[in-house]
Amino acid sequence: KRLSIGILFGGRSSEHEASLASAASVLKHLKQDRFDLVPIGITQTGQWVTQTTPYELQHRDCESQALNQPEQLQHTTIVDMAPHYASVMPHPLSSVTPKIDVIFPLLHGTYGEDGKLQGLLEMLGIPYVGCGVLGGAISMDKEKTKQILQATGLPVVDYKSYRRAELERNPERILDAIEDHFDYPCFVKPANGGSSIGVSKVRSREELRQAAFLAASYDQKILVEKAINCREVECAVLGNEDLLASVVGEVLIRDECDFYDYHAKYIEPSTKVIPAEIPDDLALEVQQQSIKAFRALELSSLARFDFFLEKETKNIYLNEVNTLPSFTEDCMYPKLCEASGLAYPDLLERLIELAVESYEDRQ
Ligand code: ATP
Ligand code: MG
Ligand code: MG
Ligand code: MG
């Protein structure tokens, strides 16, 4: 049976652009002899737009910057939308099609990766790719994630969280508290974020002040973390009940980059080494911790686990989890799956199977 797949992209988060690139890749590679593709865009202000492509959505939003693969983006297929059907309760998807079998949300960050969209889809009874409400909500929040990882006995970097409101009320007191606890350099980031947007490495009180307000402009809560001098390794997990942990990959951060920032992710993408050149026992440890975290965080479908491998001590820390990781064919999650034997189009098909399976399990 041909399934009709709703591809959601864009969205209200700071990772709107990254989402367009992910969706373009998926639209290009989802097997069109097996699936009907229904692209659905969400603008930066949250409007749902049907009969659009990631490329068109980008050019509709004048604030967006140029993507680097416009050609690829133009080649997405648009399926004719069936006539609107009357719905008892109008909702954003009711105007799309009489029937979408599965939603594939290629939305990164808030309103896509954080359980909110998943809640909407649960209410509507539509199967979707990715984890559910609880897993998404916890994993989006870096403080809640760390609390659960700690309770599970998984090592995390020393961190503290601060609220925007307290920072605004008494910045000097918060900066004092941070300086009492952390040495420079340290990292400052929004508690809910992604693609390194709003993340800073700071070396002085003045930088700390700027970074704290920057992070607080993206979220009501910010995290400060000890800076680890590290290599960065990542592991992909795929499955609902029977889990596959991929081979481990490493991101090589160029010397001129301060850390794995937005530029190193999307503008001049860093080299990925797959499998990572680390000892077998360490790779196994990364895979085992990823599986453990996947369970502890109530995840399903897919997640990418980002680790720090401390250079001096060889300690590993689970930095964070991405439940809808960036997803172009060149991104880490698909590359790790490919290296583990699952090519990109097959991965996409597998994710749709898992979405249906997980939906049926919940009934
Ligand atoms: P993603 O795009 O992977 O979702 P993100 O925006 O959720 O990223 P993090 O992964 O927490 O944010 O941080 C982005 C990058 O900043 C890391 O990959 C790393 O290069 C650097 N970084 C963050 N925290 C630390 C830390 N405590 N020590 C060293 N480097 C760090
Ligand atoms: Mg992240
Ligand atoms: Mg992310
Ligand atoms: Mg990360």
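Residues numbered from 1 in each chain as written. Chains lettered and ligands numbered in written order. Predicted model: local features only at pLDDT ≥ 70, side-chain atom pairs only at ≥ 80, totals over all residues. Heavy atoms only, no water.

(A) Broad picture of the overall build of the protein. When helices and strands are tallied, the protein shows 13 helices and 13 strands. Taking 2.2 N^0.38 as the reference for a compact globule, 363 residues should give roughly 21 Å; the C-alpha atoms of the protein span a radius of gyration of 20 Å, in line with that estimate. In terms of its C-alpha atoms, the protein occupies a principal-axis envelope of roughly 60 × 50 × 40 Å. Taking all contacts inside the protein whose residues are at least 6 apart in sequence as the whole, residues at least 24 apart take part in 68%. In the structure as shown, the protein presents an accessible area of about 16,100 Å², 49% of it carried by carbon and sulfur atoms. Positive and negative side-chain charges of the protein, numbering 36 and 55 respectively, have mean locations separated by a distance of 3 Å. (Helix = DSSP H or I, 4+ residues; strand = E, 2+ residues; numbered from the N terminus. Rg over C-alpha atoms; globule rule 2.2 N^0.38 Å. Contact = heavy atoms within 4.5 Å. Areas by Shrake-Rupley, 256 points an atom, 1.4 Å probe, with all protein chains shown as cover. Lys, Arg positive; Asp, Glu negative; His and termini not counted. Charge placed at Lys NZ, Arg CZ, Asp CG, Glu CD.)

(B) Molecular detail of the sheet that holds strand 3 (residues 48-50). As summarised here, the arrangement of the 4 strands in space is 3-2-1-4, forming an open sheet in which the pairing is mixed. The open sheet has two edge strands, strand 3 and strand 4 (102-105), and neither has a second partner. Averaged over neighbouring strand pairs, the angle between their axes works out to 30° when direction is ignored. Alignment of strand 1 (residues 3-10) against strand 4, held across 4 bridges, turns out to be parallel. Pairing of Ile 5 across the sheet is with Val 102, part of strand 4. (Pairing = 2+ DSSP bridges. Axes fitted to C-alpha atoms, helices over the stretch in contact; angles between N-to-C directions.)

(C) Quick look at the confidence of the model for the protein. For the protein, per-residue confidence averages 91 on the pLDDT scale, and 90% of positions sit at 70 or higher. Low pLDDT (under 50) marks residues 63-88, which in the prediction has 49 contacts with non-local residues, meaning those over four places away or in another chain. (pLDDT = per-residue confidence, 0-100.)

(D) Fine view of the coordination of the magnesium ion (ligand 2). Donor atoms from the polypeptide that bind the magnesium ion (ligand 2) are Glu 320 (OE), Glu 320 (OE) and Asn 322 (OD1), placed at 2.1 to 2.5 Å. Between the magnesium ion (ligand 2) and the magnesium ion (ligand 3), a separation of 3.1 Å is found, and both are coordinated by Asn 322. Of the residues examined, Glu 320 reaches a relative accessible area of 11% and is grouped as buried. (Donors = N, O, S within 2.8 Å, 3.2 Å for Na, K, Ca; no water. Buried < 20%, exposed > 50% of the residue type's maximum accessible area, 1.4 Å probe, protein only.)

(E) Summary view of the domain arrangement of the protein. Domain annotation for the protein reports domain 1 (3-128), domain 2 (139-155 + 229-362) and domain 3 (159-226). With 4 residues of domain 1 in contact, the opposing surface of domain 3 contributes 6 residues. Carbon and sulfur atoms make up 57% of the area that domain 1 and domain 3 hide from each other, which totals about 320 Å². Contact with domain 3 buries area across many residues of domain 1, yet Ser 14, Glu 15 and Thr 110 alone supply 89% of it, more than any other trio. Viewed at the interface, domain 3 and domain 1 are joined by 1 residue pair in polar contact (both at pLDDT 80 or more). In terms of residue class, the side of domain 1 that touches domain 3 is built from 1 nonpolar, 2 polar and 1 charged. (Domains from an automatic or database assignment. Buried area = accessible area lost by both parts, 1.4 Å probe. Polar contact = N/O pair within 3.5 Å; in protein donor to acceptor, adjacent residues only side chain to side chain. Nonpolar A, V, L, I, M, F, W, Y, C, P; charged D, E, K, R; others polar.)

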